[in-house]
Amino acid sequence: TERTLCMIKPDGVERNLIGNVLTRIESAGLRIVALRKLRLTKAQAEGFYAVHKERPFFQSLVDYMTSGPIVAAVLEGENAIAVWRGLMGATNPANADAGTIRKDLALDVERNTVHGSDASETAAQEIPYFFNAMELQG
Ligand code: GTP
Ligand code: MG
């Protein structure tokens, strides 16, 4: 069994899609271990996406990610990282498969509604960014 970090990004929270996304997660058999709603500060968003800091869209991405509240969750299950990324679909909704969250719900390549860790090392960094040990006992 494996854990991954999920975020519902500001465009998803703003459009009342929290329940829609959580239903897809639970229907796929992933367990929600921990869950919280928060608004990222600029420094927190820059830290979370530090790997992209040289990319041309970095400033826009940070502005977007701090534009409103997000939901962060830790998901658990067999191959949770790949299962969650499969539910999300491709980064750009124009390239996402039918039935994925990004195809069904996302607005564009930036406002793409959800985040998921892309590897076990990334998940191990991203989960403690939002949750402490006590919160991860669920
Ligand atoms: P995350 O789960 O959010 O990490 O998405 P990802 O792994 O599918 O994509 P990636 O890590 O490459 O990019 C991180 C985020 O930056 C994306 O989810 C988008 O919100 C944003 N992003 C990626 N590529 C572009 C782009 O070409 N233009 C803009 N404006 N934003 C982008
Ligand atoms: Mg990524």
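Residues numbered from 1 in each chain as written. Chains lettered and ligands numbered in written order. Predicted model: local features only at pLDDT ≥ 70, side-chain atom pairs only at ≥ 80, totals over all residues. Heavy atoms only, no water.

Chemist: I'd like a description of the site of ligand 1, backed by residues and values.
Modeler: Taken together, the neighbourhood of ligand 1 is formed by 14 residues, with Lys-9, Thr-91, Glu-110, Asn-112 and His-115 sitting nearest. Contact distances for ligand 1 include 2.9 Å between an oxygen atom and a side-chain N or O atom of Tyr-49. Residue Arg-85 places a side-chain N or O atom 3.2 Å away from an oxygen atom belonging to ligand 1. About the coverage of ligand 1: the protein hides 80% of its 590 Å² of free accessible area. Using a 2 Å cut-off from the grid points, one finds that ligand 1 occupies the largest pocket. Of all the secondary-structure elements, those providing two or more residues to the shell around ligand 1 are helix H5 (80-88) and strand S4 (114-116). Considered class by class, the residues forming the shell around ligand 1 number five nonpolar, five polar and four charged. (Near = heavy atom within 4 Å. Polar contact = N/O pair within 3.5 Å; in protein donor to acceptor, adjacent residues only side chain to side chain. Areas by Shrake-Rupley, 256 points an atom, 1.4 Å probe, with all protein chains shown as cover. 1 Å grid on protein atoms, 1.4 Å probe; cavity = no way out; pocket = protein on both sides within 12 Å on 5 of 7 lines; lining within 4 Å. Sits in = over half its atoms within 2 Å of the grid points. Helix = DSSP H or I, 4+ residues; strand = E, 2+ residues; numbered from the N terminus. Nonpolar A, V, L, I, M, F, W, Y, C, P; charged D, E, K, R; others polar.)

Chemist: Account for the nonpolar core, with residues named and values stated.
Modeler: In terms of nonpolar packing, the biggest core is built from 23 residues, with Leu-5, Met-7, Met-65, Val-74, Phe-130 and Phe-131 touching the most fellow members. At the level of secondary structure, the elements contributing two or more residues to this core comprise strand S1 (2-8), strand S2 (31-38), helix H3 (42-48), helix H4 (58-65), strand S3 (70-77) and helix H7 (120-130). When residues in this core are grouped by element, the largest group, five residues, is from H4. With sequence-adjacent residues up to four places away left out, Phe-130 is seen in contact with Leu-5, Met-7, Arg-36, Leu-38, Leu-40, Phe-48, Ile-70, Ala-72 and Glu-135. (Core = buried A, V, L, I, M, F, W, Y, C linked by side-chain atoms within 4.5 Å. Buried < 20%, exposed > 50% of the residue type's maximum accessible area, 1.4 Å probe, protein only. Contact = heavy atoms within 4.5 Å.)

Chemist: Account for the sheet that holds S1, naming residues and giving values.
Modeler: Strand order across the open sheet formed by four strands is S2-S3-S1-S4, with antiparallel pairing between neighbours. The open sheet has two free edges, formed respectively by S2 and S4, since each of these has just one partner strand. The average undirected angle you get between the axes of adjacent strands in this sheet is 20°. Direction of pairing for S2 relative to S3: antiparallel, over a ladder of seven bridges. (Pairing = 2+ DSSP bridges. Axes fitted to C-alpha atoms, helices over the stretch in contact; angles between N-to-C directions.)

Chemist: Before we move on, could you go through the side chain of Thr-4 and cite the residues and values that matter?
Modeler: If you trace the backbone, Thr-4 turns up in strand S1. Excluding its chain neighbours within four sequence positions, the residues that come into contact with Thr-4 are Ala-73, Val-74, Leu-75, Ala-80, Ile-81, Trp-84, Ser-117, Ala-123 and Ile-127.

Chemist: Report on the UniProt feature "active site" (unreviewed entry) in the chain, specifying residues and quantitative values.
Modeler: The UniProt entry lists His-115 under the feature "active site" (unreviewed entry), expressed in the numbering used here. Relative to the assigned elements, His-115 resides in strand S4. The class of His-115 is buried, set by a relative accessible area of 9%. Setting aside its immediate chain neighbours within four residues, His-115 contacts Leu-5, Cys-6, Met-7, Lys-9, Phe-48, Tyr-49, Trp-84, Met-88, Arg-102 and Glu-126. (UniProt positions renumbered as here; feature names shortened; annotations may be inferred.)

Chemist: So what about the layout of surface pockets? Which residues, and what values?
Modeler: Here the largest pocket is characterised by a volume of approximately 630 Å³. Lining of the largest pocket is provided by 25 residues; of these, Tyr-49, Val-51, His-52, Leu-61 and His-115 occupy positions nearest its centre. Broken down by secondary-structure element, the contributors of at least two residues to the lining of the largest pocket are H3, H5, S4 and H7. For the lining of the largest pocket, the leading source of residues is H7, giving four residues. Of the residues that constitute the lining of the largest pocket, the class distribution is nine nonpolar, nine polar and seven charged. (Points joined across faces, edges and corners; volume = space filled by probe spheres on them.)

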